Structure formats: structure tokens, C-alpha cells
Amino acid sequence: MATQGKPITCKAAVCWAPKTPLVIEDVEVAPPNAHEVRIQIIHTAVCHTDAYTLEGHDAEGVFPVVLGHEGAGIVESVGEGVTCVKPGDKVIPLYIPQCKECKFCKSPKTNLCQKVRSTQGRGVLPDGTTRFTCKGKPIYSFMGCSTFSQYTVVADISVCKINDDSPLDKVCLLGCGVPTGYGAALNTAQVDKGSNCAIWGLGAVGLAVALGCKTAGASRIIGVDINPSKFEVAKKFGVTEFVNPKDHEKPIQDVLVEMTDGGLDYTFECVGNVHTMRSALEACHKGWGVSTIVGVAAAGQEIATRPFQLVTGRVWKGTAFGGWKSVDSVPKLVEDYLNKKLMLDEFITHNMPLDQINQAFHLMHTGESLRAVIQL
Ligand SMILES: NC(=O)C1=CN([C@@H]2O[C@H](COP(=O)(O)OP(=O)(O)OC[C@H]3O[C@@H](n4cnc5c(N)ncnc54)[C@H](O)[C@@H]3O)[C@@H](O)[C@H]2O)C=CC1
Ligand SMILES: N[C@@H](CCC(=O)N[C@@H](CSC=O)C(=O)NCC(=O)O)C(=O)O
Ligand SMILES: [Zn+2]
Ligand SMILES: [Zn+2]
């Protein structure tokens, strides 16, 4: 391979500072070190967590940075000691890795591999440095993935090989939002047949929760959103009823408790707002209702409720990447998509080139998009 072992100059969307538009720049991407993989990113989608960091809400946000963590691509070259993938493989970068060696990976109770967590949180690869340079300055990595670049370098535990027949413009969604919501219902909450569920936030993550609830055989799936334009599209994902908190004077949890003869069996917060997190917990049925926090709240925010809510049997949980152990699970989710057992196409509302990436953020903020897929 002509580029192996050499730096590659390519286009990337660089975020120079919080709350500023991304700028398409020529960046230099250094070759992978030992146990690293350089990937040609072919497609990436934009997740609300990219916007959260761009807006300066991430306690771990470092700048300048190449954002993006919902991508798919092809391995360009690998560093010494890499055995899990080879040049030419189709792959998905994984923001929660799976080293299979740490205490977390060995436990069946969690997917939160901690092998590279501390360096990833500081915007660098496991050796403490970044592979991106622009205008002579080092540019940080994001969530171990940085998919808003034509080339990126990730740790070898942060990537999985997928089926050669995978359409990368679709399966890039399996890098974050869809597995997160789907797994929140199936793995974290473990929704059961015949149950009543409610979901706050009908973006891609909330709608993937709905898909998980439907797959689990839930009877009622109530969508809660302040944007009524979400209600029609949500039906495709299994949402059976809609509630707009703006249409009610009473707290929305009281409305839902009345609608459901005492409360929901399962609720999910997919907004990232501590007030909706409280509503979702308090809308749960006394004695057994389980509320799962999926949304990411801004730095400094804290949740509150009366402890009596928990004393009387409601359970508060949270999920990251839907509880999936990433290397083991993402290739299987790709197969489920290829075998038409998992919807992905319906989440894609927009396709655009890299130079329109700021428009993708705009469409997310106005609620016009579920997922905008960027072609690199
Ligand atoms: N825990 C995890 O592993 C992950 C968490 N996330 C988080 O999930 C959340 C959702 O992400 P996306 O679906 O990409 O975002 P999105 O922006 O596409 O969807 C958010 C939805 O929430 C609705 N909303 C806003 N305020 C509301 C309110 N007060 N009440 C009810 N609905 C309200 C919006 O109208 C929109 O439909 C974000 O906080 C994101 O950071 C995303 C991926 C993984
Ligand atoms: N960096 C933030 C926390 C951000 C966060 O919670 N990220 C989620 C994934 S959101 C994906 O779109 C996550 O997986 N968290 C687990 C983790 O280990 O980061 C902060 O510092 O609060
Ligand atoms: Zn995400
Ligand atoms: Zn691990």
C-alpha cells in the first residue's frame, strides 16, 4: 500500500473552539503506532453528543478537536501487533472498546471497558498523543474515534471488522445512536412482553428505544416530545401513542400515571435534560417501574427526586452504548441489518458531503433530521 507508514494529508472538519462552526481543513494524519489502526472513513453520521461537545457542555471537552463517533470505513493500514483487522477490511470504530482483558470486560454485568478510558477522555490515543496535526498544531481525538475526517487512527481494541457486503452509508449508524437506544430497551431495561413503556425524546436514540420495546413485545409505547412533528415519523418505529408536555398544565408524570393506571413499567430519557429525567422516573409504576437514563446532561447538571420514589420501588438506571459489549455485538447488529431484522434506513433523513456538516448540526437542532449521513 503506497500510503502505509507515511502521513496522509486529507480533509477533516476541525472544531477549533466550542460554539464555533466546524471548519473543513487539510489535516495530516500520522501512520498508526503499535496496536493502532488507520481507517479511511467513508461515511459518518452526526449524533447529539457531537453537538453537546461542540456547544461546550462536555466536562471532558478539549479543543481543537476532530469530532464524530458514528462512522464506518475501510482499514488503510495497521500498526505492529494488530491482528483483529487488516488493510481492506470494512470496519466500525467503537467509542466503547472491548479489550477482553480488563475487569470490566471480564464481567458480564457491564460493557464499559476501561482499558483506554482515561486517555480517551483526554482526547488522546493510549500512548498519550494524537495522530492529527493541522497548521502545525496537534488536534485532539474525540471519543477514541474522530470520524469527521477522511482518515483517522484508533486503538485496535476500538474497532471491529464487519461483513464485506455492508453498505457503509447505512451501517455507520451502528457506531452509536441505534445500538444505544435498541440496547437500552433490550439489554439495560430488559423490557418484557405486554409491558407499558414511555420514551422522552423522539430523536434517533429515542426511536431506537421504541424499536427495542417493540421487539421485546411491549403493548404500549408512548412517545413524549415537545416537537409534534416527531409524532408521525415515530409510528414507523413502533410508537403507539404521543404526548406533548406543552399540551398539558399538570406535570407530565401525573398525566402519564393517569393514562396508565398507576404508571409505566419502563421509561427512557433520551433528551439529556435533568428535568425530563425526573419526570421519567416519577412516571414509573410504584413497586416495579424502571427508568433508564440514556440522554447525556450538560457538565455540572445534577438529577433530583424525592428518595420516597425509590423507597417505593421505582428503579433508576443508566446506559452507555445500550449495554452492548462492542467488538462482540456490533458485527452481529450489522448481520441483523443485512438480514432485515433491524431497521436502519428509516433513521436516515439526510445525506450530504463533508463541506455541509454544519448544516447537519443545524438540522438536528431544528428537529428536521433524525440522522444526517455525511459522505467523506
Ligand atoms: N448514553 C449513550 O450511550 C448515548 C447517549 N446519547 C444522548 O442521547 C440523547 C439523544 O440523542 P439524539 O437522539 O441523537 O438527539 P436528537 O437531538 O436527535 O433528539 C432529541 C429529541 O429530544 C426532544 N426534546 C428536547 N427537549 C425535550 C423535552 N423537554 N421533552 C421531551 N422531548 C424533548 C427533541 O425534540 C428531539 O426530538 C442526547 O442527550 C445524546 O447525547 C446519544 C448516544 C449514546
Ligand atoms: N464526557 C462526558 C460524558 C459523555 C457520555 O456520557 N458519553 C456516553 C456516550 S454518548 C454517545 O453519544 C458514554 O458512553 N459514556 C460512558 C463513558 O465512559 O464515557 C462527561 O465527562 O460527562
Ligand atoms: Zn453518539
Ligand atoms: Zn476491557
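Residues numbered from 1 in each chain as written. Chains lettered and ligands numbered in written order. Predicted model: local features only at pLDDT ≥ 70, side-chain atom pairs only at ≥ 80, totals over all residues.

Asker: Looking at this structure, how should I read the nonpolar core?
Answerer: Looking at soluble globular proteins, one finds that nonpolar side chains tend to be buried together. Formed by 112 residues in total, the largest nonpolar core has its most connected members in Val66, Val171, Cys197, Ile199, Leu207, Val209 and Ala210. Looking at this core element by element, the count peaks at 8 residues for helix α6 (residues 204-215). Residues lining this core come from more than one domain, with at least three contributed by each of domain 1 (178-322) and domain 2 (344-376). Residues contacting valine 66, with those up to four places away along its chain left out, are Ala12, Ala13, Val14, Phe132, Ile139, Ser141, Phe142, Ser146, Phe148 and Ser149. (Core = buried A, V, L, I, M, F, W, Y, C linked by C-beta atoms within 7 Å. Buried ≥ 20, exposed ≤ 12 C-beta atoms within 10 Å, placed from the backbone. Helix = DSSP H or I, 4+ residues; strand = E, 2+ residues; numbered from the N terminus. Domains from an automatic or database assignment. Contact = placed C-beta atoms within 7 Å.)

Asker: Quick question: what am I supposed to make of the site of ligand 2 here?
Answerer: Ligand 2 sits among Cys47, Thr49, Asp58, Ala59, Glu60, Ile96, Leu112, Arg117, Cys176, Val296, Ala320 and Phe321. Of the residues belonging to the shell around ligand 2, the class tally is 8 nonpolar, 1 polar and 3 charged. (Near = placed C-beta within 6 Å. Nonpolar A, V, L, I, M, F, W, Y, C, P; charged D, E, K, R; others polar.)

Asker: Just to check I follow, could you spell out the sheet that holds strand β1 (residues 8-14) for this structure?
Answerer: In any sheet, the strands associate via hydrogen bonds between backbone groups, in a parallel or an antiparallel arrangement. Read across the sheet, 4 strands follow the order β1-β2-β6-β7 without closing on themselves; strand pairing throughout is antiparallel. The two strands at the open ends of the sheet, each matched to only one other strand, are β1 and β7 (137-139). Strand-to-strand twist of the sheet, defined as the mean angle between neighbouring strand axes without regard to direction, takes the value 45°. Here strand β6 (residues 132-134) runs beside β7; their pairing, made up of 3 bridges, is antiparallel. Of the residues in β7, the one forming a bridge with phenylalanine 132 is isoleucine 139. (Pairing = 2+ DSSP bridges. Axes fitted to C-alpha atoms, helices over the stretch in contact; angles between N-to-C directions.)

Asker: What am I meant to see in the site of ligand 1 here?
Answerer: By nearness alone, 33 residues border ligand 1, and His48, Gly201, Gly203, Val205 and Gly272 come closest of all. Mapped by element, the contributors of at least two residues to the shell around ligand 1 are α1 (48-54), α5 (177-189) and α6. Classifying every residue of the shell around ligand 1 gives 17 nonpolar, 14 polar and 2 charged.

Asker: Just to check I follow, could you spell out the UniProt feature "domain: Alcohol dehydrogenase-like C-terminal" (unreviewed entry) in the protein chain for this structure?
Answerer: In the numbering adopted here, UniProt assigns the feature "domain: Alcohol dehydrogenase-like C-terminal" (unreviewed entry) to residues 204-329. Across residues 204-329, the secondary structure splits into 33% helix and 16% strand, with the terminal C-alpha atoms separated by 19 Å. (UniProt positions renumbered as here; feature names shortened; annotations may be inferred.)

Asker: Hey, could you run me through the sheet that holds strand β12 (residues 241-243) in this one?
Answerer: Taken in spatial order, the 6 strands of this open sheet run β12-β11-β10-β13-β14-β15, and their pairing is parallel. Strand pairing shows two members of the sheet lacking a second neighbour, β12 and β15 (315-318), which therefore form its edges. In this sheet, adjacent strand axes meet at a mean angle of 20° when their direction is disregarded. Note that strand β10 (residues 196-200) and strand β13 (residues 266-269) share 4 bridges and pair parallel. Within the sheet, the bridge partner assigned to alanine 198 lies in β13 and is threonine 267. Strands β13, β14 (290-293) and β15 of the sheet are contacted by α5, whose axis makes an angle of about 130° with β14.

Asker: Quick question: what am I supposed to make of the UniProt feature "domain: Alcohol dehydrogenase-like N-terminal" (unreviewed entry) in the protein chain here?
Answerer: UniProt records the feature "domain: Alcohol dehydrogenase-like N-terminal" (unreviewed entry) at residues 34-163, using the numbering of this structure. Between the end C-alpha atoms of residues 34-163 there is a gap of 25 Å, over a span that is 12% helix and 28% strand.

Asker: Whenever I open this one, the confidence of the model for the protein chain confuses me. Can you help?
Answerer: Low pLDDT marks regions whose predicted coordinates should not be analysed in detail. Considering every residue of the protein chain, the mean pLDDT works out to 98; 100% of them sit at 70 or more. On the interface metric, ipTM, the complex scores 0.99, and its pTM is 0.98. (pLDDT = per-residue confidence, 0-100.)

Asker: Even after reading the chapter, I still don't get the packing of α5 against α6, so can you show me in this structure?
Answerer: Geometry of a packed helix pair, given as the angle between the helix axes and the separation of the axes. At a closest axis distance of 7 Å, the pairing of α5 and α6 adopts a crossing angle of 40°. The angle between the axes of α5 and α6 places the two elements in the oblique class. For the pair α5 and α6, the sense of crossing is right-handed. On the side of α5, the interface is formed by Gly177, Val178, Thr180, Gly181, Tyr182, Gly183, Ala184, Ala185 and Leu186, while α6 contributes Ala204, Val205, Gly206, Leu207, Ala208, Val209, Leu211, Gly212, Cys213 and Thr215. (Parallel < 35°, antiparallel > 145°, perpendicular 65-115°, else oblique. Left-handed = near helix turned anticlockwise from the far one by under 90°.)

Asker: Before we go on, may I ask you to explain the environment of proline 307 in this structure?
Answerer: Position of proline 307 relative to the elements: it lies in the loop between β14 and α10 (308-311). Judged by C-beta crowding, with 7 C-beta atoms within 10 Å, proline 307 ranks as exposed.

Asker: Teacher, can you tell me more about the domain arrangement of the protein chain here?
Answerer: A common way to report how large an interface is uses the accessible area buried once the components associate. Under the domain assignment, the protein chain is made up of domain 1 (178-322) and domain 2 (344-376). The gap between the C-alpha centroids of domain 1 and domain 2 is 25 Å. In this assembly, 8 residues from domain 1 lie in contact with 6 residues from domain 2. Partitioning the side of domain 1 that touches domain 2 into residue classes produces 3 nonpolar, 3 polar and 2 charged.

Asker: I keep staring at the pairing of strand β4 (residues 70-78) and nothing clicks. Help me out?
Answerer: Each regular strand shows side chains that alternate between the opposite faces of the sheet. Counting buried positions along β4 yields 8 of 9 residues, so the element is predominantly enclosed. Across 8 bridges, the pairing between strand β3 (residues 36-45) and β4 is antiparallel. If you follow glutamine 40 over to β4, its bridge partner there is isoleucine 74.

Asker: Hey, could you run me through unusual backbone geometry in this one?
Answerer: Residues other than glycine predominantly adopt negative phi, and peptide bonds predominantly adopt the trans conformation. Between phenylalanine 63 and the following residue, proline 64, the backbone shows a cis peptide bond with an omega angle of -5°. Following the sequence through the fold, proline 64 ends up in the loop between α1 and β4. Located in the positive-phi region is serine 146, a residue other than glycine, with phi close to 45°. In this structure, serine 146 sits in the loop between β7 and β8 (151-155). Residue serine 146 is classed as buried on the basis of its C-beta count, with 32 C-beta atoms lying within 10 Å. The phi angle at lysine 340 is positive, at roughly 60°, despite the residue not being glycine. For lysine 340, the location among the structural elements is in the loop between α11 (326-338) and β16 (348-353).

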